[in-house]
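# Fold and contact review
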Amino acid sequence: DVLGEDCVSDRRGYLRLWRALNKLLATGKYDLVAPLYGSFLGLLCAAQRRVPCALSFAGSDLNGRTEPGRMSLRSLCVPASQLAAFLAAGVSVPNAQMRAALWWPTARRAARVIPDGVDTRRFHPRPLSEARLRRGLPPGGARVAFVALGDATERPYKRLELARAAVARLPGVALDVLSQVPFAEMPFAYAACNALLLTSLDEGSPNCVKEALACGVPVVAVDAGDARELLFGLSGCEIAPADPDALSAALARVLACKSGCPDGPERIETRYSLDACADAFADFHRETVRGDGRRAPEVVRPIGRITA
């Protein structure tokens, strides 16, 4: 059962959520509460003591930084996330760096690394010419995708200006800022581009990278979140420093290959598909209900991680 309240535009939503959550749990019909975000939402769910809480962090709730070079007001949510991790019966994070950022040793040792999954029935390779025709784009020329849901200028941690500066150094290459594209159109938006560029200051497990790879589109990314693990060993993909010249040079090499990322779809299907990640979350929830959520896992699942 899904319980939702608007706590962003109306802070009183937290009070409504607290009341509604406790009313539901008082029925005795529930075994688990599983918030898919930390901050004050996760803290509310973890603070109730009727049923175990399986808390899953997303990225900004634990990373905190949303503006380059300084901590934003949103970073006040980080202590709430850390307290929620202390109170929760089980914790999952989308990458190993976020697990290391947990303050409490018990939560840190037992935290599961589970990234979000990708719907590979929706995101898969498509001919570039067909995608550009659908998107109303010219058939020729190289295009680079930059993804930021909503207004990209209002999400400074995505560093749109860095992406623009990098692409501006490549004559004849266009930057497609995909910020207001309907979700149903995103597979075609990726397929219409020759590469994806990720310049974020912080990330959890960037969905745009996984979606682009599922579409066979190569990726150039800074070392944010689990981007390095996602791209490790894939042809046509690079991790580069957060510098316009370095990113531009990496993009030039990737675009010159013209072979895309042929291994990307298989990696996403086997490691990051909805089914694979849903199985990992189901196991995590079962363990939390049984009381195993605070025990260090004996075996770390190879989902979202690459082991030597």
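Residues numbered from 1 in each chain as written. Predicted model: local features only at pLDDT ≥ 70, side-chain atom pairs only at ≥ 80, totals over all residues. Heavy atoms only, no water.

For the rest of this paragraph, the subject is the overall build of the chain. When helices and strands are counted, the chain shows 14 helices and eight strands. What you see for the chain is a C-alpha radius of gyration of 20 Å, in line with the 19 Å of a compact globule of 308 residues. Projected onto its principal axes, the C-alpha positions of the chain cover 60 × 40 × 35 Å. Considering the chain as a whole, with its 308 residues, one finds that 50% of them fall into the buried category. A separation threshold of at least 6 residues defines the contact pool for the chain, and within that pool the share at least 24 residues apart is 64%. Of the roughly 14,800 Å² of accessible surface on the chain, 55% is carried by carbon and sulfur atoms. Charged side chains in the chain number 39 positive and 33 negative. The centres of these two groups are separated by 4 Å. (Helix = DSSP H or I, 4+ residues; strand = E, 2+ residues; numbered from the N terminus. Rg over C-alpha atoms; globule rule 2.2 N^0.38 Å. Buried < 20%, exposed > 50% of the residue type's maximum accessible area, 1.4 Å probe, protein only. Contact = heavy atoms within 4.5 Å. Areas by Shrake-Rupley, 256 points an atom, 1.4 Å probe, with all protein chains shown as cover. Lys, Arg positive; Asp, Glu negative; His and termini not counted. Charge placed at Lys NZ, Arg CZ, Asp CG, Glu CD.)

With that settled, consider the pattern of salt bridges. According to the stated counting rule, one finds 13 salt bridges in the structure shown. A salt bridge links D10 to R16; the shortest N-O distance between them is 3.2 Å. Assessed through its relative accessible area of 33%, R16 is described here as partly exposed. Residue D119 pairs with R121 through a salt bridge whose shortest N-O separation is 3.4 Å. Salt bridges sharing partners connect three or more residues here, namely E5, D10, R12 and R16. (Salt bridge = Lys/Arg side-chain N within 4 Å of Asp/Glu carboxyl O.)

Attention shifts here to the layout of surface pockets. Empty space within the largest pocket amounts to approximately 760 Å³. As for the largest pocket, its lining consists of 32 residues, of which D116, R155, K158, E203 and N207 are closest to the centre. Looking at the lining of the largest pocket, the elements that each hand over two or more residues are α3 (60-63), α9 (186-191) and α10 (207-214). Here the lining of the largest pocket takes three residues from α10, the largest share from any one element. (1 Å grid on protein atoms, 1.4 Å probe; cavity = no way out; pocket = protein on both sides within 12 Å on 5 of 7 lines; lining within 4 Å. Points joined across faces, edges and corners; volume = space filled by probe spheres on them.)

Moving on to the environment of A282. Residue placement: A282 occurs in helix α14 (residues 274-290). Using a relative accessible area of 27% as the deciding quantity, one classes A282 as partly exposed. It is 43 Å that separates the C-alpha atoms of A282 and V173, two residues lying 109 residues apart in sequence.

Function cannot be inferred from these measures alone, as they are strictly geometric.
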